[in-house]
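# Coordinate analysis (summary)
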Amino acid sequence: MLLARVALPVPLGQVFTYSVSAELAASVRRGARVLCELGRRKVLGVVLEVGDREPDIPVEKLKPVRAVVDAEPVLPEELLGFLQEIARYYVAPVGEVMELALPALERSAALAIEAPESTRAVGRLVQIARAVEGATAPSLRGKAPAVFEHLRDNGPQPLTALEAKWPSARGAVARLVEAGVVTLEKREEAVDPFTVAVAPDVPPALTAAQARAVTAITARLERGEKHAVLLEGVTASGKTEVYLRAAERALALERGVIVLVPEIALTPQLVARFRARLGSRLAVLHSGLGERERHAMWRSLRSGEVRIAVGARSALFAPVRALGLVCVDEEHDGSFKQEEGVRYHARDMALLRAHRAEAVCVLGSATPSATSVELARSGRLELLELPLRARAGSALPKAEVVDLRRMGPGPGGERLISVPLFRALEACVAAREQAILFLNRRGFSPSILCAACGKIAECPNCAVALTLHRARGGRLVCHYCDYQEPMRKACRSCGEEALIEEGAGTERIESVLAEILPGARIARLDRDVAAGQKSERILDRMRQGDIDVLVGTQMVTKGHDLPNVTLVGVLNADAALSLPDFRAAERTFQLLVQVAGRAGRGETPGRVLIQTWQPDHPAIVLAMKHDVKGFVAQELEQRREVGYPPFARLALVRFEATDDELARSQAARLAHAARGLGSPDVEVLGPTAAPLARLRGRYRHRFLVRSTDRARLHQVLLGVARSAVDRRVRMAIDVDPVSML
Ligand code: ADP
Ligand code: ZN
């Protein structure tokens, strides 16, 4: 009897076995999607294996594969094998890993159930609702009028987008269609995501260092050899130009390209540069896309019509054909780590995918991670350096420290805008140049303190202080779970009306600046103002010179190329140093060098003011000198001494439950079991309560597993993953954790 082993999108580790009828035998193939039953549900899965191996369960209990959805494998073999390796590496359910590469899987299941006999590729069809021209809102009950207005005001929308907004949208649309004011059509055609044209650019003559890097990369491409490179280039040294030349070469050799960038906000700029050089045939993938766009992009890559994918970490799973080059820009960036579901690191996995595909992987950064530097040192990455800025005459900016311990509050009474910083801002604005101020805290005040009893207003769901946001009409907001309430009048603990707004976030800085720099055009860029498109608008205004001073969170530190910015101020350099995390110093250092790198990219030299309470901290001292090598060398030395990555491998095993004691006891039980499994080479540390002890109403405990031996660590994690855990407790294994919270 023919059997299929199928990965289903469920959070269970195992692969499921189904029988295959004679009728379907020819079409059930590895990589094809099939419709199966799981309990009473019909789900779509991806076939991993077909064979007549003895099943683990009696044949009469096997359910049959109900239908085959794809005539062609939905995933190319290269990608499928890569996904299976990811599942193994991260001890993650293979079905969930498949979902990373097939975002439309669930929706396709619904369609496939409607037409189970169909064997054509489904999931391509998108239902688009459109308000009938000139129709007026019908008097219908429920969400129908709201849905109608939304369609009238925003134009045609995919049904899935409406459903994301209103769970009952499908019914509402049906009633609107019946009332004759909305039409519903099924569409298959691809969408052109590019609304504005980009003129072709003139490639600059490469600098000597760029030319060497390009040659090293393209030589491997030409020979079709797999290779991995660390491209260490100071800010504005022209790393992007190197990616462009390498991509051009790869395309000429009919190989595909993936370019990963850390932030959606960065994608449009990079995409514009790629389009200007390589034309419009590239797919842009990021979380801000609608289902329909995402699907169109995915299909054009799968078919080979488009050969380049650019995007945030999920673009790693783009079904690019004949992959030849993977570039990871700002490889040190923490956002390459996915922190929920399958906790993968896109940079690490980019190396793996490129390796398996016999492709070249380029990791680029001005501040490479300690991990990558160690890989280069041990010869597993080739180090290519761009030590100077690319534009003639552009030098790295001069950095000065402002010792906050010796400063009183500056003008406007704000400590974080010191007198030296204020003077520099005035001079900058007067010279019609631009300034960027960086503060890693959004909102108005990071905490609300009761002066009578000393209590801080906390989130009811999380063990964190609520942040006051003025912009949202005076609300207290939790930055971890998005809980909100109106600003309190009195303290919840003692009832006194003695609440003090403590500290400053970007909102407060923005409003103080407006006061003390009258006439200057101030803008703010952080997650509160920056839903995708909007951040691009703010950066556009900055580029066009419509903003004098831009205040923001780390969104302002990343990769932007703004030639008229001559002043960069870091308001509180120590903010990230105190986090309970072995990478705190590394992160602080990278952040400072990156944000400093935003200054003086044009002809006018830049100036950087770093405000700190700890001017002697090595991360700050070395960042001031742009001493990347010095910092990393010292950091690696310390990590080696204490046995932290990259000199050991870590995994965090987290336990979360609404009952504190239950989470704690399960963590203790599994930690004990892990010790029992372990060899002397594997250490189990803990359990302990997590630094962020409660999140979204769940108490959090964890233990850490550490080893220098990857295979042994993996064995222990497998044992943990297979252990039974109380149903009320969520257990998650985080291999190579980035956030230690
Ligand atoms: P990075 O990615 O290293 O931060 P970019 O690629 O953004 O640097 O380059 C910084 C600036 O220098 C850009 O405006 C880019 O157009 C310019 N540039 C890059 N390479 C050259 C070159 N060889 N000659 C002149 N300008 C260059
Ligand atoms: Zn919360």
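A brief report on the enclosed structure follows. The shown structure was predicted, so the numbers you read here are calculated from the model rather than taken from an experiment. Note that residues are indexed from 1 along each chain, following the sequence as it is written. The naming scheme follows written order: chains are lettered A onward, ligands numbered 1 onward. This being a predicted model, a pLDDT of at least 70 is required before a residue's local features are given, and a value of 80 or more before pairs of side-chain atoms are given or counted; all residues contribute to the totals for chains, interfaces and linings. To obtain the side-chain values, all non-hydrogen atoms of the structure were included, while hydrogens and water were left out.

## Details of the packing of helix H4 (residues 144-154) against helix H6 (residues 169-178)
Relative orientation of the contacting elements H4 and H6 amounts to 80°, with a least axis distance of 9 Å. As judged from the angle between their axes, H4 and H6 are roughly perpendicular. Contact residues: H4 offers Ala-144, Val-147 and Phe-148, while H6 offers Ala-172, Val-173, Arg-175 and Leu-176. Residue polarity is assigned by list, with Asp, Glu, Lys and Arg as charged and Ala, Val, Leu, Ile, Met, Phe, Trp, Tyr, Cys and Pro as nonpolar; anything else, Gly included, falls into the polar class. Of the residues assigned to the contact of H4 with H6, the class counts are 6 nonpolar, no polar and 1 charged. Lines fitted to the C-alpha atoms define the axes, with helices restricted to the stretch that makes contact. Angles between their N-to-C directions range from 0 to 180 degrees. Helix and strand labels come from DSSP, where a helix needs a run of H or I of at least four residues and a strand needs a run of E of at least two; each type is numbered from the N terminus. Just so you know how the angles are binned, under 35 degrees is roughly parallel, over 145 roughly antiparallel, 65 to 115 roughly perpendicular, and the rest oblique. Residue contacts follow a heavy-atom distance rule, with two residues in contact if any of their heavy atoms lie within 4.5 Å.

## Describing the coordination of the zinc ion (ligand 2)
Looking at the zinc ion (ligand 2), the protein donor atoms are Cys-459 (SG), Cys-462 (SG), Cys-478 (SG) and Cys-481 (SG), and they sit 2.2 to 2.4 Å from it. Here a donor is an N, O or S atom found within 2.8 Å of the metal, or within 3.2 Å if the metal is Na, K or Ca; sites may look incomplete because water is not among the atoms. Angular criteria define each label, namely tetrahedral for four donors with all angles between 85 and 135 degrees, square planar for four and octahedral for six donors with opposite donors over 155 degrees apart and remaining angles between 65 and 115, and irregular for whatever fails these tests. Coordination at the zinc ion (ligand 2) is tetrahedral, judged from the 4 donor atoms that bind it and the angles of 106 to 113° they form at the metal. Every donor residue of the zinc ion (ligand 2) comes from the same chain, spaced as C-x2-C-x15-C-x2-C. Of the two residues, Cys-459 sits in the loop between strand E18 (447-450) and strand E19 (467-469) while Cys-481 sits in the loop between strand E20 (475-477) and strand E21 (484-486), which places them 22 residues apart along the sequence. The pair Cys-459 / Cys-481 is uniform in exposure class, with both members buried. Summary of the burial criterion: residues with accessible area below 20% of their type's maximum are buried, those above 50% are exposed, and those between are partly exposed, where the area comes from a 1.4 Å probe applied to protein chains only.

## So, the site of ligand 1
Taken together, the neighbourhood of ligand 1 is formed by 17 residues, with Ala-205, Gln-210, Thr-240, Arg-391 and Asp-561 sitting nearest. Whenever two N or O atoms come within 3.5 Å, that pair is a polar contact, provided that in protein one can donate a hydrogen and the other can accept it, and provided that, for residues adjacent in sequence, both atoms are side-chain atoms. Within the side chain of Gln-210, a nitrogen or oxygen atom sits 2.7 Å from a nitrogen atom of ligand 1. In this structure, an oxygen atom belonging to ligand 1 sits 3.2 Å away from a main-chain N or O atom of Ser-237. All accessibility values rest on the Shrake-Rupley procedure with a 1.4 Å probe; residue burial counts only the protein chains present in the view. Contact with the protein chains covers 83% of the free accessible surface of ligand 1, which is 560 Å². Broken down by element, the residue count for the shell around ligand 1 peaks at 3 residues, all from helix H8 (residues 239-252). Whether a residue is near a molecule or strand depends on its heavy atoms: if one lies within 4 Å, it is near.

## Some remarks on helix H20 (residues 710-722)
Look at H20: 18 Å from first C-alpha to last across 13 residues, which is about the 18 Å you get at 1.5 Å a residue. If you check which residues of H20 are buried, you get Leu-713, His-714, Val-716, Leu-717, Gly-719 and Val-720. Buried residues along H20 sit in contact with helix H1 (77-89), strand E27 (649-657), helix H19 (660-677), strand E28 (682-695), strand E29 (698-707) and strand E30 (730-735). Capping the start of H20 is the job of one residue whose side-chain oxygen sits 3.0 Å from the backbone nitrogen of Ala-711: Asp-709. Expected helix span is given by 1.5 Å per residue-to-residue step, counting one fewer step than there are residues.

## A few points about the packing of helix H16 (residues 584-596) against helix H18 (residues 628-642)
The contact between H16 and H18 brings their axes to 11 Å, and the two run at 170°. With respect to H18, the axis of H16 lies roughly antiparallel. For the pair H16 and H18, contact is made by Ala-585, Glu-586 and Phe-589 and by Val-628, Phe-631, Glu-635 and Arg-639, respectively. Taken together, the residues of the contact of H16 with H18 sort by class into 4 nonpolar, no polar and 3 charged.

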